[in-house]
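# Examination of the molecular architecture
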Amino acid sequence: MNDKNNPLLSVRNLTIHYITDDGLVKAVNDISFDLEKGKTLGLVGETGAGKTTAAFGIMNLVPDPPGKIISGEILINGKDILKLKKNESKKYRGKVASMILQDPMTALNPIITVGEQIAEVCRLHDKLSKADAYIKAAQMLELVGIPSDRIDEYPHQFSGGMKQRVVIAIALACNPQLLIADEPTTALDVTIQAQVLSLIGDLIKKYETSMILITHDLGVVTEICDKVAIMYAGQIVETGDLEAVYEHTKHPYTKGLFGSLPSLSAKAHRLNPIYGSMPDPTNLPNGCAFHPRCPNKMPACENRAPTNTELESGHFVRCLLYE
Amino acid sequence: MAKKKGQVRQIWRRLKKNRLSMFGLITLIIIVLAAIFADFIAPYPYDLQNYSVAKQFPSLEHPFGTDNYGRDIFSRVIYGTRVSLQIGFISLTAGALIGTIFGTVSGYFGGRTDTVIMRFTDILMSIPKVVLAIAIASTLGPGLVNAMIAVAISSIPNFARVARASTLTVRDQEYIEAARAIGAGNFRIIFRHILPNILAPIIVQATLGVGISIILAASLSFLGLGVEPPTPEWGAMLSAARTFIRDEWYMVLFPGLAIMLTVLALNLLGDGLRDALDPKLKT
Amino acid sequence: MYKLLEVKDLKKYYETKNGLLHAVDGVSFSIEEGKTLGVVGESGCGKSTLGRLVIRLIDATDGKIIFDGKDITNVKSKGSLRKEMQIIFQDPFSSLNPRMSVSQIIEEPLKIHKLYYNKAELRSKVRELMDTVGLACRLEDFYPHELDGGRRQRIGIARALALNPRFIVCDEPVSALDVSIQAQILNLMMDLQEERCFTYMFISHDLSVVKHISDEIMVMYLGLVVEKCKADELFEHTLHPYSKALLSVIPEAAIKKKKQKKLIQGEITSPINPKPGCRFAARCSYAGDICDKAAPELKEVTPDHYVSCHFVNEINSL
């Protein structure tokens, strides 16, 4: 990934392992990507692909123990956040980067009013007075489409979609430069999902926030992302602009994902799923991690791990077929 | 079946990591061994009276000293292990069995059955355990068996509560519905699907409960409602020695320590088991 | 074709503290043998309750269920029903007893209904079932938590197949699975249907999955059917405003054609003591005065295409 006019975020060779009793879980293995200001990257992968661990890494929130950032750099505006001291790191979270979690039901404290929960972030990071923070909280609620007279209500008085709006308000309260949304709509119904996605899309455009959207849904990515990175077994196997990856799919895994999706437009007799299941992260296959499931397997795949290959500008694939 | 062992092995592996509960387990094993081999370990019979050596301070000959009848306290504590463990385990098993069945039935069927059983246990629970046990024991009269019955009855409500609460969470799991969908009857659902899944909290409750039962039995004996002399029971020994606590403190110390050590060992083990049996904890 | 299942005006109400919850409020449909009826709707629309009502896992408040020509609405002994009608659950984690091994789970229905003569036969039947759903025999002593979601769901399918049913309710069987695994399971279910002529009632919130597997689709909203027709017809000529909105907001994994989105405002209203009138009216952009007063009936608008909307003709200029 070449240096394109100083990206906001640039992740370099990030490797995160969990040290457990069952062995070494290689959750994230050598991932690198850039994200420019105001752009959105979709990080796509199935359960256990390491998407969430990567996100926690970028937030410098990997639980240690058992997690360990083995190597790599996470540069935000050129500064490596992994080298921050503990109190600096706290300031960085919320102010520079913030996160939206998957489950709005558990992300909010049930015994504190939504207004206070939003105000708390503002007081912590923007050092607002209590009264100012309250006003800011009301503004944030209006911004995410909740009437501000509901500011003194408790989370249980809100529906799932409304709660997720509150979570978004909290995440955006301090106007962060980077927003990480971890499956923000997975727990929601499709009509609500559409509302929340369009809300997030509008807000990040308005504030020129960069976003990493973590999802397992290739459809959701097309709604608001500019770039997409496909993860498999802790690695980014294919990344590029939306069009490059969706229209000129190269990696056999990505192709498999597309083949697995039932289409709304065409009637297929049967789907073309990927054979087998995800490898055990404590015991990844030698060579290319995808080779046991790969329809295009070559003898070399069992021994040699593929490296990142740039096919055209910005479109990278990790597969021996293209080396 | 080979895999069944695997599950037990997993639990054992998790338990082994917890040092405190391993200490509890080893202590408990020693205590149980002491109870089984009391005849070989104890230097004197527990009821051998020898007034010439009454109230002797601990010495090589009598490591824990002797009581006011000249009986060897060490031997009596060792033999007392038998009685105390017997009361503890038997009464608790009986209480656990009845309580678990009550609780499971109550939680599974709900409605009126639930109301009746739970109000009954509420009544039992509203009376302090010791008072309840005293009331039962004094009605039935003193004696080992009656003490056990008293202890068993007073431990029922705890188990009923724990079993009911666990049943309520398990009852709404999809696998219960799945069992119903393949035509399983209530009996099968309770014994095959619910009980195995609520066993963990009950085992923990039981481990912790044995300690409580031992203390309860000791209290009954202390009050003269439990084991009758000269049977050596820790609580009874404490009771008999309490008048000498000023000058011959060792007569109280060692049975007291025995109770404490046993209960502590059981509690440590119980805590460890609770963590080891939790299926949500990853292996 | 032979109508294997016929449901007439089925209702299920629950008493709650706040009033009567109309989970399923007068649903009628029929399924032909060997076909798949897809039931789509968002959470709270009553689709799961409907699935359980149909196979008599829960009792209906009112209505009629006719299976294979017999009225089973009030049948007391459900044993023989269980052999004919089965269910596959959504969550492959919670639908399997964590204390039972794979073979114990699969053999349980056979044991309950005493469908074997000796141990050896039981064992070979379990192996056969595992083979049918694509589970390796070496997994028979594993426990569910040692297996991944896809394999667990295969266990659930094997358990449902054990009694050799004719009708299977599939309650979101692939929603909890990753896409690549989801496709494997969908293919398996379709293969099984082809081989054994199963009749499916396939419940899902995912329209693309439902479209893929179903012959007919029923769209539900708050306990009611709003639209019912052949699968292709629903996508080619969507008539009800709710179905239209639902269809337009599905994120499709393609960037060529961006659909015009119809974001519907607001959220699903409460199914407790619903107001008279159309239940979708509060969120509907076409709603008129009549929608708040009278509930629309499910009418055949074009051949075999049923819609319940007062303005269906106006909206679609039919």
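Residues numbered from 1 in each chain as written. Chains lettered and ligands numbered in written order. Predicted model: local features only at pLDDT ≥ 70, side-chain atom pairs only at ≥ 80, totals over all residues.

From N to C terminus, chain B includes eleven helices and zero strands. Along the three orthogonal principal directions, the C-alpha set of chain B runs to about 75 × 45 × 25 Å. Counting over 283 residues, chain B shows a buried share of 45%. (Helix = DSSP H or I, 4+ residues; strand = E, 2+ residues; numbered from the N terminus. Buried ≥ 20, exposed ≤ 12 C-beta atoms within 10 Å, placed from the backbone.)

So, about the overall build of chain A. Across its full length, chain A carries ten helices and twelve strands. Here the C-alpha atoms of chain A give a radius of gyration of 20 Å, agreeing with the 20 Å that 2.2 N^0.38 yields for 323 residues. In chain A, which comprises 323 residues, the proportion classed as buried is 48%. In chain A, the share of contacts with a sequence separation of at least 24, taken over all contacts with a separation of at least 6, comes to 63%. (Rg over C-alpha atoms; globule rule 2.2 N^0.38 Å. Contact = placed C-beta atoms within 7 Å.)

Residue and element names in this part refer to chain C. The four strands lie next to each other as β2-β1-β4-β5, forming an open sheet whose pairing is antiparallel. Looking at strand neighbours, the two that pair on one side only are β2 (19–32) and β5 (70–71), the edges of this open sheet. Sheet topology note: the strand β1 (residues 3–16)/strand β4 (residues 62–67) ladder contains five bridges and is antiparallel. Pairing of Lys11 across the sheet is with Asp62, part of β4. (Pairing = 2+ DSSP bridges.)

All names here are of chain C. The strand order across the open sheet built from eight strands is β6-β7-β8-β3-β9-β10-β12-β11, with neighbouring strands paired in mixed fashion. In this open sheet, the two edge strands, each paired with only one partner strand, are β6 (85–88) and β11 (299–302). Put simply, the sheet's adjacent strands are angled 25 degrees from each other on average, direction ignored. Summarising the sheet, strand β9 (residues 216–221) and strand β10 (residues 224–230) pair through six bridges and their orientation is antiparallel. By the bridge assignment for β10, Ile217 is matched with Cys229. Lying over the sheet, helix α1 (residues 47–54) contacts β3 (36–40), β6, β7 (167–171), β8 (199–204) and β9, oriented at roughly 155 degrees with respect to β8. Packing against the sheet, helix α5 (residues 149–161) makes contact with β6 and β7, and its axis sits at approximately 175 degrees to β6. (Axes fitted to C-alpha atoms, helices over the stretch in contact; angles between N-to-C directions.)

Right, let's get into the confidence of the model for chain B. Residues and elements named next belong to chain B. Residues with a pLDDT of 70 or more make up 95% of chain B, whose mean pLDDT is 83. When pLDDT is averaged over each element of chain B, helix α8 (residues 174–181) comes out on top at 92 and helix α1 (residues 2–17) at the bottom at 70. Taken over the whole predicted complex, pTM reads 0.84, whereas the ipTM for its chain interfaces reads 0.84. (pLDDT = per-residue confidence, 0-100.)

Listed by partner, the interface residues are 35 residues for chain A and 33 residues for chain C. Among the elements of the structure, α7 (190–207), α8 (218–224), α9 (242–247) and α10 (252–260) of chain A are those that each provide at least two residues to the side of chain A that touches chain C. When residues in the side of chain A that touches chain C are grouped by element, the largest group, six residues, is from α7(A).

All right, on to α5(C) then. Structural remark: α-helix, 3.6 residues per turn; residues separated by three or four positions point the same way. The end-to-end C-alpha separation of α5(C) is 18 Å, in line with the 18 Å expected for 13 residues at 1.5 Å each. Burial within α5(C) is extensive, with 13 of its 13 residues counted as buried. (Expected span 1.5 Å × (residues − 1).)

Once that is clear, we can look at the pairing of β11(C). Residue and element names in this part refer to chain C. Pairing of β11 with strand β12 (residues 305–307), which is carried by three bridges, proceeds in the antiparallel orientation. Bridge assignment links Lys299 to a residue of β12, and that residue is Val307. The hairpin formed by β11 and β12 contains two residues between the paired strands, and Asp304 there has a positive phi angle of roughly 60 degrees.

Within the largest apolar cluster, 255 residues are counted, with the highest numbers of intra-cluster contacts made by Ile118(A), Ala169(A), Ile180(A), Ala147(B), Ala158(C), Met201(C) and Met220(C). Contacts of Met201(C), omitting those with residues within four sequence positions, involve Ile31(C), Leu37(C), Val39(C), Gly51(C), Val54(C), Val169(C) and Cys170(C). (Core = buried A, V, L, I, M, F, W, Y, C linked by C-beta atoms within 7 Å.)

Residues and elements named next belong to chain B. An ideal rise of 1.5 Å per residue puts 54 Å on 37 residues; helix α4 (residues 73–109) measures up with 52 Å between its terminal C-alpha atoms. At Gly80, α4 shows its maximal kink, close to 25 degrees. By the criterion of burial, α4 is predominantly enclosed, with 26 of the 37 residues buried. (Bend = angle between axes of the 7 residues up to and from the residue.)

A word on unusual backbone geometry. Non-glycine residue Asn60(A) carries a positive phi angle of around 55 degrees. Its 19 C-beta neighbours within 10 Å are what place Asn60(A) among the partly exposed residues.

Tracing the backbone through its elements, the reader meets Asn197(B) in helix α9 (residues 186–222). Residue Asn197(B) is classed as buried on the basis of its C-beta count, with 21 C-beta atoms lying within 10 Å. Asn197(B) sits 31 residues away from Ser166(B) along the chain, and the two C-alpha atoms are 8.4 Å apart. Beyond its immediate chain neighbours, meaning those up to four positions away, Asn197(B) contacts Val170(B), Asn97(C), Pro98(C) and Arg99(C).

Looking now at the pairing of strand β1 (residues 9–20) of chain A. Residues and elements named next belong to chain A. As paired elements, β1 and strand β2 (residues 23–35) share nine bridges and run antiparallel to each other. Within β2, the residue paired with Thr20 across the bridge is Gly23. Counting the residues that bridge the hairpin from β1 to β2 gives two residues.

To continue, consider the packing of helix α6 (residues 129–140) of chain B against helix α7 (residues 144–171) of chain B. All names here are of chain B. Contact geometry for α6 and α7: axes closest at 9 Å, N-to-C directions at 145 degrees. The handedness of the crossing between α6 and α7 comes out as right-handed. Here Lys129, Leu132, Ala133, Ile136, Ala137 and Leu140 of α6 come into contact with α7, specifically with Asn146, Ala147, Ile149, Ala150, Val151, Ile153 and Ser154. Across the contact of α6 with α7, the residue classes tally to ten nonpolar, two polar and one charged. (Left-handed = near helix turned anticlockwise from the far one by under 90°. Nonpolar A, V, L, I, M, F, W, Y, C, P; charged D, E, K, R; others polar.)

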